[in-house]
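Structure assessment
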Amino acid sequence: NATGYDLNRNFPDISKGQADDESGRPLENQHMMKFLREHMFSLSANLHSGAEVVNYAWDWTSVRHPDDSWFQHISREYADEVHSVDPTYMRMEDDGITNGWDWYEVQGSRQDYMNFYLSGREVTLELAFDFLLKSDSLDAYWQKNQRSFLYYITQATYGIRGRVKSSADGVPVLAQVSISDHDDSTS
């Protein structure tokens, strides 16, 4: 930002055990964290440029996310659909996908913030090698990614979902659902 902070790496640092706390962070990160907590997305994507690859959790550790096979599946689905539109596009790393840590270690990423602190599921979509795309190229990138975006969004409709309600009056209650032998402290 204008004061020199890398906003993409200024979320709570899991490796340091930092709390989900906005204090001391740039204003942009404070607002983003507040917005994300208020909306609690189950599926999201962080759009970037500078590379052409789908990057999935974790960025901060070599330990694989409990849902690593699912992350690989949705990332592969995204990249494969892009390849059906443009076979030369998004060919970095493992033919268009990578685990964040395997690519390069990042502390305090938004992707890890979403996945760890907010229990959402997020990947980072690196869509172009150019850091700043010219406006006349945006349509071409949209055409390459449109179907992949739509298939990615569809992933939010799969899996376990619902509301936990009080048996006494049917009013929704705060709850946490976990899967035995699956969820752990890094999920």
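Located above this text is the structure these notes cover.
These lines cover the structure that appears in this document, whether it is placed above or below. (Residues numbered from 1 in each chain as written. Predicted model: local features only at pLDDT ≥ 70, side-chain atom pairs only at ≥ 80, totals over all residues. Heavy atoms only, no water.)

**Notes on the overall build of the chain**
- What the chain contains, in helices and strands, is 6 helices and 4 strands.
- Listing every helix and strand of the chain by position from the N terminus yields α-β-β-α-α-β-α-α-β-α.
- When the backbone C-alpha atoms are referred to their principal axes, the chain occupies close to 55 × 40 × 30 Å.
- The buried share of the chain, reckoned over its 187 residues, is 41%. (Helix = DSSP H or I, 4+ residues; strand = E, 2+ residues; numbered from the N terminus. Buried < 20%, exposed > 50% of the residue type's maximum accessible area, 1.4 Å probe, protein only.)

**Let's talk about the nonpolar core**
- Counting residues in hydrophobic clusters, the biggest one holds 29 residues, and the most contacted among them are Val54, Tyr78, Met90, Tyr113, Val123, Leu125 and Leu127.
- Secondary-structure elements contributing two or more residues to this core are helix 1 (27–39), strand 2 (51–56), helix 2 (68–85), helix 5 (110–117), strand 4 (121–128) and helix 6 (138–154).
- The element that contributes the greatest number of residues to this core is helix 2, accounting for 5 residues.
- If near-sequence neighbours (up to four positions away) are discounted, Val123 is found in contact with Ser44, Ala45, Asn46, Val54, Asn55, Tyr56, Phe71, Ile74, Ser75, Gln111 and Tyr152. (Core = buried A, V, L, I, M, F, W, Y, C linked by side-chain atoms within 4.5 Å. Contact = heavy atoms within 4.5 Å.)

**Thoughts on the packing of helix 1 against helix 5**
- In contact at an axis separation of 12 Å, helix 1 and helix 5 are set at 35° when each is read in the N-to-C sense. The handedness of the crossing between helix 1 and helix 5 comes out as right-handed. Of the residues in helix 5, those in contact with Met32, Met33, Leu36 and Arg37 of helix 1 are Arg110, Tyr113 and Met114.
- Broken down by class, the residue content of the contact of helix 1 with helix 5 amounts to 5 nonpolar, no polar and 2 charged. (Axes fitted to C-alpha atoms, helices over the stretch in contact; angles between N-to-C directions. Left-handed = near helix turned anticlockwise from the far one by under 90°. Nonpolar A, V, L, I, M, F, W, Y, C, P; charged D, E, K, R; others polar.)

**Looking at the layout of surface pockets**
- Here the second largest pocket defines a volume of roughly 260 Å³.
- Contributions of two or more residues to the lining of the second largest pocket are made by strand 1 (43–48), strand 2, helix 4 (100–103), helix 5 and strand 4.
- Looking at side-chain class alone, the lining of the second largest pocket contains 5 nonpolar, 10 polar and 4 charged residues. (1 Å grid on protein atoms, 1.4 Å probe; cavity = no way out; pocket = protein on both sides within 12 Å on 5 of 7 lines; lining within 4 Å. Points joined across faces, edges and corners; volume = space filled by probe spheres on them.)

**Some points on the packing of helix 2 against helix 6**
- Across the interface, helix 2 lies against helix 6 with an axial gap of 8 Å and an inter-helix angle of 150°. Classified by the interaxial angle, the pair formed by helix 2 and helix 6 is roughly antiparallel. For the element pair helix 2 and helix 6, the recorded crossing hand is right-handed. The segment helix 2 lies against helix 6, with Ile74, Glu77, Tyr78, Glu81, Val82, Ser84 and Val85 engaging Gln143, Lys144, Asn145, Arg147, Ser148, Phe149, Tyr151 and Tyr152.
- In terms of residue class, the contact of helix 2 with helix 6 is built from 7 nonpolar, 4 polar and 4 charged. (Parallel < 35°, antiparallel > 145°, perpendicular 65-115°, else oblique.)

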